[in-house]
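Here is how the chains run, residue by residue.
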Amino acid sequence: MFKRLTAIFILCFPAIFCAAQQVRPAKSSEIYRELKTLKHLPKVLYLAAHPDDENTGLLSWLINDQNVETAYLSLTRGDGGQNLLGTEQGAALGLIRTHELLEARRLDGAQQFFTRAIDFGFSKNTNDTFKQWDADSITADVVWVIRKFRPDVIICRFPPTAAAGHGQHAASAVVAEKAFKAAADKNMFPNQLKYVSVWQPKRLLWNTFRFGSVNTTAENQLKVTVGQYDAQLGMGYGELAGLSRSLHKSQGAGTQSVAGVRSEYFSHVLGDPAKRTLYDGLSLNWSDKGIADIDELIDIILLSFNYNQPDKSLHGLLMLRKKIAELQDAGLRKDKLAAIDQIILSCAGFMGEVVTNQPEAIAGNGYNFRLNLISRSATPVTVENVNWLNQTDNLNRNLSNDSLITIERKIQIPADAALTEPYWLAKPAKDAATFSVANDTLIGLPEMQSPLNVLLSLKIEGEKFAVNLPLSYKKLDPVKGDVVEALRIIPPLDLSFAEPVYFAKEKEGLSVTLRLKANKNINYGKVSFKIGNQVIKTFQGINLAENTITTKDFLIPVEDLAKVKASQNKLEAVFSSEANEFSKGQVLIQYPHLPTLQYFVPATTWLIKGDVKVLAKKIGYIEGAGDLIPEFLRQAGLQVDVLTEADILNATKLASYDAVVTGVRVINTEKRIKNWQTALRAYVENGGTIVMQYNTTQDMALQDFGIYPFTIGGKRVTEENAEVKFLNPTHKLLNYPNKITADDFKGWVQERGAYFPDKWDAKYEPLFEMHDTDEEPLQGSTLYAKYGKGNFIYTPLAFFRQLPAGNVGAARLFFNFLSAGK
């Protein structure tokens, strides 16, 4: 660990400020809270496995009532979860959940950290989890965060036992115990000590809980009262917690805002036991550390604080800054100087931004920017100089009170500027369970600070301040008003396949479609299609005009396809022009509750060859939470129509479909489906086929949605290579039109399936039996029933993951389901 280390980790704590595109003053109530936090010295680190695992009620109380600097360390970014908003899965979903977590932290005030661990999906115990996760690597990441953040108290959400309910939950507690001991040991991860010092937290606690029927609390545990009303917030901390947790929108985690006090319980794990409070034995304030004059000065500032004129506190704050700058404890000095600098700029009413009118830029090009500055303070703020990336201007200009100044400047983007993308996605993952990070000092951060900044040197009453303003894009949205986002650095050209999978037919050439986005003029380019290191076909003489998006078809002849021997292949496209090669495609994620998110993926698709048959021709699809199965089926040559309510209620039209497929979690997300049951039952009775994918028990539109009764349980098979037993090998669905064998269950990703039915009517026939290691066999992965002339298939097998991943066996089985009526 810790290679290519640099000193760029200029402690971007609090982490929630890392992505801010403007420097803006906080509200007076927030400034007052930050002043009280400046007076309090303990720090708390809350630790769990995933976004939305954190106890937002406790975080809100710690920050706003106790005025204690608090952070949440989520081991993963939630990559293996489900998505109620769209079709993003895996790393893309992790990116969404990262920013949902940051939005939650902006609301409740906590800081946010992560490790390199990938959420690979549900696991049942720590043994399963650590088969995937490298315990030493993750422990090192947690130790790094502890040594950087320097918490006095660490609180786990979960225990290291089965009571955690999830193997990754329990593993987070195991890692916490290891890291608690290792952080103070100079022999553990010694390369970190070039940048941090060892640190020993006072105690490690487990925040016990009542989840459903599981109650791990006890009256002999440490108990604190939370949820009190805060007049400055206009709500209680439980109400604030509900708002914060409800920002996990992709998970459907909307949570009630509950008023009133409640108790939180804590069980001792390691370190000094706490008898009365979380902070027993700690220095609570500056006086406890023998620096009473800092406490006294903060008390004076708090007592005289004017909510309408916070700038009146500037003189006292600047005196306080000088005292903090004299502290001998380097870590404490650095943390508190960063905090007081933010308070001072807020009290000065300072706002700064560097904005352009376009969202994207190419390295080496120049763009027009506006530097907007304003101060709302009777105490003068002087801009001494401005560093414009490659040139410094000496201004020595006072900002007039409440008067905006604008300086226009053309800024050259450095030729070596990196593409804008999440630092943990810039390189291929180390393995299926660990991200690869080129610069280890970035570990822990929710995202990297912008490397492209205009640096201001400010002076207030003789004290100097360095302020970074990221290069940003600003637009006027007709609904939202001003929108300010990060300027996105993009390549001169990016490319991607139009479809995630292509089917090669025997004795036919293959037409593939590329989307080519030219951000500059491209002349005499060429595209090569490769499988591994083997070039299948190259096309030359491609010219592209600047600022165009071209969709171009390429026909790979049958003789070139003959070079491809395997049934499942990853086909890569590489575009070459002059001395440059481009092999990545831009992906933008845009949801109303998030900033625009950009990342790049290799220009690849799945190429499927071989014995894959489907007899169905026309498919109706009822949308659920979102999956990519319609696109997959279209590439297989099927007509796929997304059905409207009018289509479903039109018996004649519905009867024209060979099969109807429901999207994942349709019962949870489509409340109108209860009105469609009669029509869907009649469709099956008259000869139609319904293939229903998995649903959960959360917020169901109706309970009785099967053609015959069955009950969804919580059982799942998380081992993607679990053995599959065929209960009736002669069943039509296992033989027609594709002969299904054990080989068709090889190469599955993440899991076999989840939320298997645990009870069903005798008219259903289960097709498979499977189980995780040392667990009881499950038969609910696929239920088949004949109803009238038609067929009903309920299958919580994870086809929504397998088909976009190009798994041939999963495709053959799914095509059999669709062809049940043939």
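Structure first, text after, so check above.
Colleague: I would appreciate a short explanation of the sheet that holds strand β42 (residues 783-787) in the present structure.
Modeller: Sheets are built from strands paired through backbone hydrogen bonds, the pairs being either parallel or antiparallel. Reading across the sheet, the seven strands line up as β34-β33-β35-β36-β43-β42-β40 and stay open at both edges, with mixed pairing between neighbours. Edge strands, defined here as strands with exactly one partner in the open sheet, are β34 (639-642) and β40 (765-766). Here strand β35 (residues 659-662) pairs with strand β36 (residues 689-692) via three bridges, running parallel. Across the sheet, residue V661 finds its bridge partner in β36, namely V691.

Colleague: In this structure, what is going on with the pattern of salt bridges? I would like to understand it.
Modeller: Any two side chains of opposite charge can pair, on the condition that their charged atoms come close. As enumerated under the stated definition, the model contains 38 salt bridges in all. With its nearest N and O atoms 3.0 Å apart, the salt bridge here joins K223 to E219. You can call K223 partly exposed: its relative accessible area is 41%. The salt bridge partner of R812 is D744, with a shortest N-O separation of 2.7 Å. With R812 in helix α18 (residues 808-818) and D744 in the loop between β38 (724-726) and β39 (753-760), this pair connects stretches of sequence that are 68 residues apart. For R812, a relative accessible area of 8% translates into the label buried. Exposure remark for D744: the relative accessible area of 6% places this residue in the buried category. One network of salt bridges, with partners in common, ties together D611, K613, D744 and R812.

Colleague: Even after reading the chapter, I still don't get helix α7 (residues 237-245), so can you show me in this structure?
Modeller: Because each turn of an α-helix spans 3.6 residues, side chains separated by three or four positions in sequence point in the same direction. Among the residues of α7, those classed as buried are Y237, G238, L240, A241, G242 and S244. Contacts from the buried residues of α7 go to α2 (56-64), α3 (90-108), β9 (229-230) and β10 (235-236).

Colleague: Where do I start with the packing of α2 against α7 in this structure?
Modeller: Any two packed helices are characterised by the angle at which their axes cross and by the distance between the axes. Their axes nearest at 8 Å, the elements α2 and α7 cross at an angle of 120 degrees. Classed by the angle they form, the pair α2 and α7 counts as oblique. Between α2 and α7 lies a crossing whose hand is right-handed. When α2 is examined against α7, the residues T56, G57, S60, W61 and N64 are found in contact with a partner set consisting of Y237, L240, A241, S244 and R245. The residue inventory of the contact of α2 with α7, partitioned by class, reads four nonpolar, five polar and one charged.

Colleague: In this structure, what is going on with the environment of T697? I would like to understand it.
Modeller: Position of T697 relative to the elements: it lies in the loop between β36 and β37 (710-717). Residues T697 and Y755 lie 58 residues apart in sequence; the distance between their C-alpha atoms is 8.4 Å. In this structure, T697 is in contact with N668 and I712, ignoring residues within four places of it in sequence.

Colleague: Explain unusual backbone geometry to me, please; I cannot follow it from the model alone.
Modeller: Leaving glycine out, the prevailing phi sign among residues is negative, and the prevailing peptide bond configuration is trans. P737 follows Y736 through a cis peptide bond whose omega is 0 degrees. As for its placement among the helices and strands, P737 is situated in the loop between β38 and β39. At L389, a residue that is not glycine, the phi angle is positive and equals roughly 75 degrees. Looking at where L389 falls in the secondary structure, it is placed in the loop between β15 (381-387) and β16 (392-399). The phi torsion at E578 lies on the positive side, around 55 degrees, for a residue other than glycine. If you trace the backbone, E578 turns up in the loop between β28 (568-577) and β29 (580-582).

Reading the values: rules and limits
- Residues numbered from 1 in each chain as written.
- Predicted model: local features only at pLDDT ≥ 70, side-chain atom pairs only at ≥ 80, totals over all residues.
- Heavy atoms only, no water.
- Pairing = 2+ DSSP bridges.
- Helix = DSSP H or I, 4+ residues; strand = E, 2+ residues; numbered from the N terminus.
- Salt bridge = Lys/Arg side-chain N within 4 Å of Asp/Glu carboxyl O.
- Buried < 20%, exposed > 50% of the residue type's maximum accessible area, 1.4 Å probe, protein only.
- Contact = heavy atoms within 4.5 Å.
- Axes fitted to C-alpha atoms, helices over the stretch in contact; angles between N-to-C directions.
- Parallel < 35°, antiparallel > 145°, perpendicular 65-115°, else oblique.
- Left-handed = near helix turned anticlockwise from the far one by under 90°.
- Nonpolar A, V, L, I, M, F, W, Y, C, P; charged D, E, K, R; others polar.

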